[in-house]
Structures are given as structure tokens and as C-alpha cells.
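Each chain is listed here by its residues.
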Amino acid sequence: MANEVCFKNHHLDKPWTLQAYQSTGGYDVWKKILNKKTQADEIISELKTSCLRGRGGAGFPTGLKWSFMPRNAPGEKYIVCNSDEGEPGTFKDRDILRYNPHALIEGMAIAGYTMGASVGYNYIRGEFWEPYEHFETAVKEARAAGLLGKNILGSGIDFELYTHLGGGAYICGEETALLESIEGKKGQPRFKPPFPASYGLFGRPTTINNTETLASIPSILQNGGKWFLEIGKPNNGGAKLFSVSGHVNKPGNYEVPLGTPFAELLEMAGGMRDGNKIKAVIPGGSSTPMLPGDVMMDVNMDYDSIAKAGSMLGAGSVIVMDEKTCIVKALARISYFYYEESCGQCTPCREGTGWLSRVVNRIENGAGRPEDIDLLLDVSKKIEGRTICGLGDAAAMPVSGAIKHFRDEFQYHVDHKKCMVSAA
Amino acid sequence: MTLSSKDAQTLSATQSPAQSKKAKAANSKLDLLSQNVCAEIDQWLAKYPADWSISASMPALRIVQDSNGGYLTTDLMDAIAEYLDVPAISIYEVATFYSMYELKPVGRHKICVCTNISCMLCGSDEIVSHLKSKLGIGFGEMTGDGKFSLKEVECLAACGGAPMMQIGREYYENLTTEKVDEILNKLA
Ligand SMILES: Cc1cc2nc3c(=O)[nH]c(=O)nc-3n(C[C@H](O)[C@H](O)[C@H](O)COP(=O)(O)O)c2cc1C
Ligand code: FES
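None of these values were measured; they are calculated from a predicted model.

With that settled, the discussion passes to the overall build of chain B. In terms of helices and strands, chain B carries eight helices and four strands. Secondary structure elements of chain B occur, N-terminal to C-terminal, as α-α-α-α-α-β-α-α-β-β-β-α. Within chain B, buried positions represent 54% of all 188 residues. In chain B, the share of contacts with a sequence separation of at least 24, taken over all contacts with a separation of at least 6, comes to 59%. About 8800 Å² of surface is accessible on chain B, with carbon and sulfur atoms providing 51% of the total.

Shown next as C-alpha cells:
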């Protein structure tokens with residue numbers, strides 16, 4: 001089965017309208033919660049049953065995260081949605097904003113109710129003008145229908161929702177950099193602890209979730225946590241959007257159950273382009289280690305299976321590379337990205353990403369030295385785990401992953417000052 | 001905070017510089033912000049807690065940049081700082097940190113081409129060299145007539161439509177060199 005959660009209205013005409021959303025039970029859950037004043041614990045326990053794990057990349061269990069919020073603490077608390085979507089290979093949240101914005105709005109309102117927050121912000125990357133407009137229109141519709149605002153449907157519950165637009169900075173996808181950015185500052189991640197649940201936006205308790213995570217909430221509560229869990233597999237509940245790009249015939253977003261074999265996903269994406277053979281796959285966005293194609297052909301698309309195969313599901317961003325791809329060139333582009341986007345706060349990341357980028361680049365350009373491959377591994381190891389946020393790891397992991405599986409290609413570049421692929 | 005520059009000048013005439021920071025308004029740059037721009041910034045200010053006017057720095061920079069042909073000047077950034085009642089340095093910091101703010105003139109159409117991994121796998125190199133030779137400019141440059149400028153950008157989350165570019169607020173996906181020609185020809 002496909003398209004059961006965030007894409008369940010995909011087949012409808014103008015699926016982004018309030019009318020379309022309501023035609024499949026949209027906002028029923030929200031109304032029921034308001035009406036029955038459902039206990040927060042009940043909602044959280046349903047989410048725990050569902051095994052919904054954060055769709056932003058880290059895969060943290062959402063029910064558990066929500067339970068960390070001091071819902072009864074006095075004063076303002078915030079729900080923040082992360083629609084920064086900057087990890088190369090990821091393009092799913094854009095489609096949720098464009099085609100199913102009401103699911104996100106309902107999910108955020110429920111999150112606010114559950115965690116005692118009456119204000120939410122959706123942080124949308126600044127380049128996303130069309131998605132931003134779709135989302136804003138939906139917020140207006142919801143407000144006009146009395147589903148957002150003060151004393152919603154006479155329940156005494158308030159929830160206001162605002163958009164903040166980014167300015168072009170990958171690092172703002174990191175949740176504490178994102179908070180800094182809403183506070184109108186440079187996006188430099190905060191040191192933790194304190195965690196956002198105690199000291200978040202404007203110094204108040206805050207929970208940050210990814211767009212897809214929040215947009216999945218209404219369906220889960222509509223059909224029950226068990227329903228969601230059983231779409232996927234134990235510890236990997238539900239369906240997930242996979243953004244498939246690269247050398248496939250039909251790149252795009254596919255919502256399939258977690259645990260779907262990669263081979264099936266590849267087939268849905270039209271198979272390999274030009275009848276070429278598959279060489280490597282980056283399974284979860286550019287920060288996750290690439291795996292050889294034949295390994296991937298035996299892997300299922302869920303958090304645990306991909307971890308077992310030596311990589312990460314990340315945000316479900318599947319980048320497919322065929323036999324004509326130069327792995328060194330691919331890595332050079334990825335390493336340049338992390339170098340370009342490091343915020344510069346931590347020395348290992350600021351300096352290390354520059355080293356990685358320069359050294360991979362010189363190997364690619366035929367100026368590699370015999371010691372360079374080990375130098376790359378050494379630098380990666382010295383970045384990993386030594387930075388305030390995950391960008392350092394994100395820069396290091398693809399390097400060690402590519403060398404682990406394709407060392408011979410790097411060696412060939414160093415020895416012959418040219419590419420193995422184009423030489424063949 | 002939202003003193004009109006006229007009010008501010010009257011104030012500064014009656015107070016010594018040491019008495020109040022309002023005295024700064026003697027050389028106020030607030031006049032650089034049109035009424036429309038201020039009204040638009042106010043809409044964003046309303047989204048944040050009252051003592052967090054700094055939160056509006058990013059929308060303010062974008063609004064002002066758009067109203068100034070696509071780029072910011074130091075004077076404009078100073079005016080924003082004054083309008084939001086925050087130190088100018090915090091506005092400079094934001095303007096220099098984020099990639100969408102431009103600190104020198106750009107073309108009427110700013111062409112942002114993604115060269116990141118999925119776009120590269122699908123032929124962004126060819127799109128880039130086509131654009132460079134067609135326009136006769138490199139990344140970070142502007143055509144002599146001020147019509148186009150070219151910028152290399154990181155993944156814009158449209159990798160399913162790779163290779164892609166953004167011009168103004170529009171995304172253009174599944175590019176070929178012919179499609180690029182068509183798109184550019186249609187732009188005034
Ligand atoms: C460098 C970096 C970039 C990130 N970019 C994003 C992003 O674009 N979108 C996102 O949802 N999460 C991103 N994350 C993960 C967030 O920090 C955070 O874990 C996530 O938004 C939490 O939501 P979830 O639990 O629903 O996944 C990024 C993390 C790091 C370290
Ligand atoms: S790699 Fe170009 S849009 Fe993602």
C-alpha cells in the first residue's frame with residue numbers, strides 16, 4: 001500500500017484546500033480532542049504505541065519527545081515545526097507544504113494542545129515561496145473556519161500559528177540553530193543542555209518536530225497508534241516519504257511502509273535510467289554513508305535495517321548513482337557542501353570541513369598524494385563527536401563511508417591522476 | 001520604537017545626546033524605509049513577542065532588499081536597525097550570515113543554479129556552462145545591462161526535478177539547455 005498518511009489526499013482535486021482535507025476526515029481529530037478535552041497522556045501514549053519516529057533525520061521517538069515537555073508549567077510554551085529541508089537529496093516537506101498543508105496545521109494544533117503551548121511557529125526555508133504561500137493560505141482558511149485562534153470552537157483552548165521564513169542556511173535545520181534564527185540571529189547551534197524542552201524559543205519550553213512528523217499525527221490519532229505501527233514494522237512504525245533522486249527514471253516522492261524492500265522502491269521510481277547498472281546509493285540524505293548498490297538491493301527501507309547495513313535512514317532521501325558515476329567527484333561535491341555550510345562555531349568542524357573538501361577535491365583533480373586517503377579518514381575521525389551540533393558528523397560520515405566501500409576508486413585517482421570511471 | 005523620523009528629530013532637538021538613545025535620531029536613516037515597507041515589517045513584528053523585535057530582522061531584510069532592486073546597503077541595514085530598535089551590528093550579522101541577502105547590486109533576474117549532488121548527477125554542469133557562455137558571466141557576476149546575475153546555490157529541496165534553478169521566487173525544474181533558453185527569453 002502506498003499513500004496512506006501524509007499523501008493520503010494526493011489523488012484528490014486541489015488536495016491543499018480545507019474542503020479536500022475535510023472530505024477525508026481532516027480536523028475531526030482536532031475537533032474531538034477539543035470537545036472531549038482528551039487527556040494529554042492519552043495522546044502521548046497513542047503516539048508511543050504507533051512507534052512514530054522523527055522524520056527530520058535523527059529518528060527520535062515522537063511520543064517520548066512530547067513527554068519531556070513540562071505541559072503544566074506556567075507561562076508560554078512553543079511548538080516549532082522544522083520545514084527548513086536543507087539536507088541534499090531531501091524534498092518531501094516541500095510537497096507536504098504544497099499539497100497537504102492542513103495535515104501539518106492540524107498536527108501542530110494537536111501538538112500545542114498536548115504540550116500546553118498556545119503558539120506555534122513553522123520555520124520554512126526562505127527559498128520556498130510557493131510552499132510558503134500554500135501554507136499561509138491554509139492557515140487563513142483554518143483560522144476563518146474557527147480551527148485556529150482564540151477559544152477555538154468555544155473550547156477555551158487557544159492556538160496561534162505563524163510562519164517564519166529562513167534566509168538560506170542549511171545549519172538552520174539543526175533545531176537550536178533554528179530557534180536562534182527565529183530569534184532573529186545568526187543560525188549558530190546552542191550548546192545542550194539545557195535542551196529546548198526546558199529552555200527553547202525566547203527562553204521558553206519548546207518542542208521542535210519535522211514537517212512530516214507533525215503532518216503524520218492526525219492520521220495516527222484518527223486510526224489509532226496500532227494501525228500506524230502495523231503499516232510498518234516493530235520499532236519502525238508507519239509509512240514514510242522517500243525522496244528518490246539521481247539516476248532513476250521517475251524521481252520523486254514515494255510514501256511507502258517502513259520495511260519496504262529497496263528493490264521495490266527503486267521499481268516504483270521507474271528503475272535505473274538508460275538501463276545502466278546501479279553502483280551506489282545514499283539512503284538517507286547526503287550526510288549518510290553511501291552503500292554499494294548490490295548491498296542496497298537486499299536492504300529494507302526502515303531505520304533498523306539500514307543501520308544494520310551500515311548507514312542511516314536519515315530523512316528518507318535516497319540518492320541513486322549508476323555505474324558511470326565517479327564516486328570521488330560525488331564525494332567532492334558533498335564535502336564542499338558541508339564546508340560551505342559549517343557555521344564556523346566549532347574548530348573541528350570549521351577547519352575540518354575545509355580540509356575534507358580540499359583534500360577530496362585535489363584527489364578528484366589528479367593532485368592527490370599517496371597519504372591523502374588515510375588523511376581523510378583521520379580528519380573525519382577528529383571531527384566526529386567533537387562538535388556542538390551534528391553538522392560535523394554529517395560532514396565526516398559520507399567521507400568514511402565512501403572510502404570504506406570505494407577505496408579502490410580513490411586509490412586509482414591518486415595513482416593514475418585520472419578517473420577510473422571515465423578511463424574504463 | 002516606531003517613531004516617525006519627524007518625531008525623532010523633534011525629540012533630538014530637545015534632549016542631549018547622553019540623555020537618550022533617541023538622540024541618535026538626529027542623523028536618522030528611517031526616511032530610507034517607505035511607508036509600505038514599514039507596514040509590511042509591522043505585519044511580521046506582530047508575530048513575535050513584544051520585546052523580541054529583533055525576530056523581525058530577517059523578514060525586514062528581505063522586504064527592504066526586495067524594495068531596493070534585490071540588494072542591501074549599509075544605510076538600509078542601519079535604517080532597519082533603527083526601526084527595530086536593535087544595534088546595527090546584529091543586523092549586519094544576520095545579513096552576512098544568510099545566503100539569500102545580497103550586499104552588492106544584482107541583476108533584475110537573479111538566476112540561482114543548484115549544483116549539489118542530485119542536480120550534479122542529472123547534469124547541472126551542462127546547465128551551468130550553458131548559462132555562463134550564454135550570458136557571458138561567471139558565478140557572482142552580473143550582465144552589463146543589469147538584466148541577469150548568476151549565483152551558485154546549494155540544494156533547494158527540489159532534487160526530484162534535477163537539474164533545477166530558481167529565478168526570483170520561481171523554481172524551474174527538469175532543465176535542459178533548450179528549456180533554459182526558453183525561460184530566459186520570456187523574462188523581460
Ligand atoms: C546540520 C543539521 C541539519 C538538519 N536539518 C534538518 C532539516 O532540514 N529538517 C529537519 O526536520 N531536521 C533537520 N535536522 C534535525 C533537527 O535538528 C531535529 O532533530 C528535527 O527537526 C527534530 O524533529 P523530528 O524529531 O520530528 O525529526 C538537522 C540536524 C542537523 C544536525
Ligand atoms: S540537489 Fe539540486 S535541488 Fe537538491
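With that settled, the discussion passes to the interface of chain B and chain A. At the interface, 40 residues of chain B touch 55 residues of chain A. Carbon and sulfur atoms make up 60% of the area that chain B and chain A hide from each other, which totals about 3800 Å². Where chain B touches chain A, the interface holds four salt bridges. Between A:Lys329 and B:Asp125 there is a salt bridge, with its nearest N and O atoms 2.7 Å apart. If you look at where chain B meets chain A, you find 19 residue pairs in polar contact (both at pLDDT 80 or more). Elements represented by at least two residues in the side of chain B that touches chain A include exactly helix H3 (57-67), helix H5 (88-97), helix H6 (117-121) and strand S2 (148-153) of chain B. Tallied by class, the residues present in the side of chain B that touches chain A amount to 24 nonpolar, eight polar and eight charged.

According to the domain assignment, chain B consists of domain 1 (27-97) and domain 2 (109-187). Taking only C-alpha atoms, the centre of domain 1 of chain B and the centre of domain 2 of chain B are 29 Å apart.

Residues and elements named next belong to chain A. Position of Thr 62 among the secondary structure elements: in helix H4 (residues 62-67). Residue Thr 62 is classed as buried on the basis of its relative accessible area of 0%. When near neighbours in sequence (up to four residues on either side) are disregarded, Thr 62 contacts Leu 52, Arg 53, Gly 54, Asn 209 and Thr 213.

A few words now on the pattern of salt bridges. Residue and element names in this part refer to chain A. Overall, the coordinates contain 32 salt bridges over all chains when judged by the stated rule. Where Arg 55 meets Glu 212, a salt bridge forms, and the shortest distance between an N and an O atom there is 4.0 Å. Of the two residues, Arg 55 is situated in the loop between helix H3 (40-50) and H4 and Glu 212 in helix H9 (residues 211-223); the sequence distance between them amounts to 157 residues. Here Arg 55 falls in the buried class, since its relative accessible area comes to 0%. Accessibility expressed as a relative area gives 0% for Glu 212, which makes it buried. Across the pair Glu 180 and Arg 190 runs a salt bridge, and its minimum N-O distance is 2.7 Å. Linking Glu 180 in helix H8 (residues 175-182) with Arg 190 in the loop between H8 and strand S4 (206-210), this pair joins segments that are ten residues apart in sequence. Here Glu 180 matches Arg 190 in class, with each residue buried. Taken together, the salt bridges that share partners define one network made up of Arg 55, Lys 92, Asp 93, Glu 212 and Lys 240.

All names here are of chain A. In the neighbourhood of ligand 1, 18 residues make up the surrounding shell, with Gly 56, Lys 65, Asn 209, Asn 210 and Thr 213 lying closest. At 3.2 Å, a backbone N or O of Gly 173 approaches a nitrogen atom of ligand 1. Take Glu 175: an N or O atom from its main chain is 3.0 Å from an oxygen atom of ligand 1. Alone, ligand 1 offers 620 Å² of accessible surface; in the complex the protein occludes 88% of this. The element contributing the most residues to the shell around ligand 1 is S4, with three residues. Here the residues of the shell around ligand 1 sort into three nonpolar, nine polar and six charged.

Residue and element names in this part refer to chain A. If you check helix H15 (residues 347-364), its first and last C-alpha atoms are 25 Å apart, about what 18 residues at 1.5 Å a residue would give, namely 26 Å. For H15, the full list of buried residues reads Cys 349, Gly 352, Thr 353, Gly 354, Leu 356, Ser 357, Val 359, Val 360, Arg 362 and Ile 363. Structurally, H15 contributes buried residues whose contacts are with helix H14 (327-341), helix H16 (372-383) and helix H17 (391-416). Gly 366, located one to two residues past H15, shows a positive phi value of around 80°.

With that out of the way, let us pick up H8(A). For H8(A), a buried count of seven out of eight residues is recorded, marking the element as mostly surrounded by other parts of the structure. Listed in full, the buried residues belonging to H8(A) are A:Thr176, A:Ala177, A:Leu178, A:Leu179, A:Glu180, A:Ser181 and A:Ile182. Residues of H8(A) that are buried make contact with strand S1 (78-83), strand S2 (119-124), strand S3 (160-165) and S4 of chain A together with H3 of chain B. Just past H8(A), the residue A:Gly184 takes up positive phi, approximately 80°.

Residues and elements named next belong to chain B. Here chain B averages 90 in pLDDT, while 87% of its residues score no lower than 70. Here residues 1-23 scores under 50 on pLDDT; set against residues more than four positions off or in separate chains, the count is 27 contacts. Both scores are given for the predicted complex: the pTM is 0.95, the ipTM 0.96.

This part covers the pairing of strand S5 (residues 239-246) of chain A. All names here are of chain A. The buried fraction of S5 is high, at eight of eight residues. As judged from the six bridges shared by S5 and strand S6 (residues 252-257), these two strands associate in the antiparallel manner. Counted as the bridge partner of Lys 240 is Val 256 from S6. Between the end of S5 and the start of S6, which pair antiparallel, lie five residues.

Evaluation of the coordinates by the stated rule reveals 19 aromatic pairs over all chains. Seen from their ring centres, B:Tyr98 and B:Tyr101 are 6.3 Å apart, and the 85° between their planes marks the pair as edge-to-face. Of the residues examined, B:Tyr98 reaches a relative accessible area of 2% and is grouped as buried. What makes B:Tyr101 buried here is its relative accessible area of 8%. Put simply, the rings of A:Tyr78, A:Tyr121, A:Tyr162, A:Phe202, B:Tyr48 and B:Trp52 touch in pairs and so form one group of aromatic residues. A cation over an aromatic ring shows up here: A:Arg53 above the ring of A:Tyr303, its NZ or CZ 4.3 Å from the ring centre.

All names here are of chain A. Taken together, four strands build an open sheet; the order of strands is S3-S2-S1-S4 and the sheet is parallel. Each edge of the open sheet is held by one strand with a lone partner, namely S3 and S4. The average undirected angle you get between the axes of adjacent strands in this sheet is 20°. Pairing of S2 with S3, which is carried by six bridges, proceeds in the parallel orientation. By the bridge assignment for S3, Gly 120 is matched with Leu 161. On the sheet, H9 packs against S1 and S4 and is oriented at approximately 90° with respect to S4.

What counts as what
Residues numbered from 1 in each chain as written. Chains lettered and ligands numbered in written order. Predicted model: local features only at pLDDT ≥ 70, side-chain atom pairs only at ≥ 80, totals over all residues. Heavy atoms only, no water. Helix = DSSP H or I, 4+ residues; strand = E, 2+ residues; numbered from the N terminus. Buried < 20%, exposed > 50% of the residue type's maximum accessible area, 1.4 Å probe, protein only. Contact = heavy atoms within 4.5 Å. Areas by Shrake-Rupley, 256 points an atom, 1.4 Å probe, with all protein chains shown as cover. Buried area = accessible area lost by both parts, 1.4 Å probe. Salt bridge = Lys/Arg side-chain N within 4 Å of Asp/Glu carboxyl O. Polar contact = N/O pair within 3.5 Å; in protein donor to acceptor, adjacent residues only side chain to side chain. Nonpolar A, V, L, I, M, F, W, Y, C, P; charged D, E, K, R; others polar. Domains from an automatic or database assignment. Near = heavy atom within 4 Å. Expected span 1.5 Å × (residues − 1). pLDDT = per-residue confidence, 0-100. Pairing = 2+ DSSP bridges. Phe/Tyr/Trp six-rings, centres within 6.5 Å; stacked < 30°, edge-to-face > 60°. Lys NZ or Arg CZ within 6 Å of the ring centre and 35° of its normal. Axes fitted to C-alpha atoms, helices over the stretch in contact; angles between N-to-C directions.

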